[in-house]
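Examining the three-dimensional arrangement
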Amino acid sequence: MITRRNVLKTLTLSSGAIALSSAALRAQTPPPTSESPEGVFKLPPLGYDYDALEPFIDAETMKLHHDKHHAAYVSKLNLALAKAPGLEKKSIQEILGHLDAVPEEVRGDIRNHGGGHANHSLFWETLKKSENAKPSGELSQAIERTFGGLNKFQEQISEAALKVFGSGWAWLVWRDKKLSIESTANQDSPLLTGGTPLLGIDVWEHAYYLKYQNRRADYLKAIQSIIHWELVSERFSNVNS
Ligand code: MN3
């Protein structure tokens, strides 16, 4: 069977130029770990330096979180997909949005590792250190209408995040044409239940324990100040149009 992976491999081997550019790529992206063959889904680059969010999130946490934790979700997602031919042609959003179409023997793995991949990909994009960032345009109005303003929204999403028992996420979700604050356990994505995540806060201990230990509330306060509202506002305009 000719798979996309084989085609890519052949292309890489047959051309010095391509081999060079893939070496350059590898310099920026960590190599797959031994248990993870190359697969369809790739670890996206962080998009900024590990220390870009200091002092709110420390560089070591970012490095471990992205290079080890997220990379492991991608590897394990690819291992699961190898057992379910056909799925690799779909986006992770499509796969998670129709999980009942996934063969039962890999459904649990795809829910966990596919969720981990989708959630973290969104998470990295949603963080940025900038002064006085706040929602703009339609999102600003919708937050005002739905939660009574940005401060109230921040209180409510922090409360939802504090209440997550064990590992999970707190979310701002676009669902049934409304904004809602939700939480999920483990790596469950709002995509599983038909919602569109606009913003997610990782409350697994691996996201904050090195710097904040058991002080989840302090981590939440820090993370509220590095939300990339410009991008979240843009994402809202796209799903809402
Ligand atoms: Mn995480």
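Cut-offs used in this document
- Residues numbered from 1 in each chain as written.
- Predicted model: local features only at pLDDT ≥ 70, side-chain atom pairs only at ≥ 80, totals over all residues.
- Heavy atoms only, no water.
- Donors = N, O, S within 2.8 Å, 3.2 Å for Na, K, Ca; no water.
- Buried < 20%, exposed > 50% of the residue type's maximum accessible area, 1.4 Å probe, protein only.
- Core = buried A, V, L, I, M, F, W, Y, C linked by side-chain atoms within 4.5 Å.
- Helix = DSSP H or I, 4+ residues; strand = E, 2+ residues; numbered from the N terminus.
- Contact = heavy atoms within 4.5 Å.

The subject of this paragraph is the coordination of the manganese ion. Octahedral metals with six donors have ideal donor angles of 90 or 180 degrees. Tetrahedral metals with four donors have an ideal donor angle of 109.5 degrees. Within the protein, the manganese ion binds to H65 (NE2), H120 (NE2), D202 (OD) and H206 (NE2); these donor distances fall in the range 2.0 to 2.2 Å. Coordination of the manganese ion draws on donor residues from a single chain, spaced H-x54-H-x81-D-x3-H in sequence. Of the two residues examined, D202 and H206, each falls in the buried class.

Another point: the nonpolar core. Buried together is how nonpolar side chains tend to be arranged in soluble globular proteins. Judged by nonpolar contacts, the single largest core of 41 residues is most densely connected at F153, L179, Y219, I223 and W229. Contributing elements (two or more residues each) for this core: α3 (59–81), α5 (104–125), α6 (137–147), α7 (150–163), β1 (168–175), β3 (196–202), α9 (216–224) and α10 (229–240). With six residues, β1 is the single largest residue contributor to this core. Excluding residues that lie within four positions of it along the chain, F153 makes contacts with I143, F147, L172, I181, L199 and W229. Counting 18 residues, the second-largest nonpolar core is a separate cluster that includes V74, A80, L87 and L99.

On their own, these measurements won't tell you what the molecule is for.
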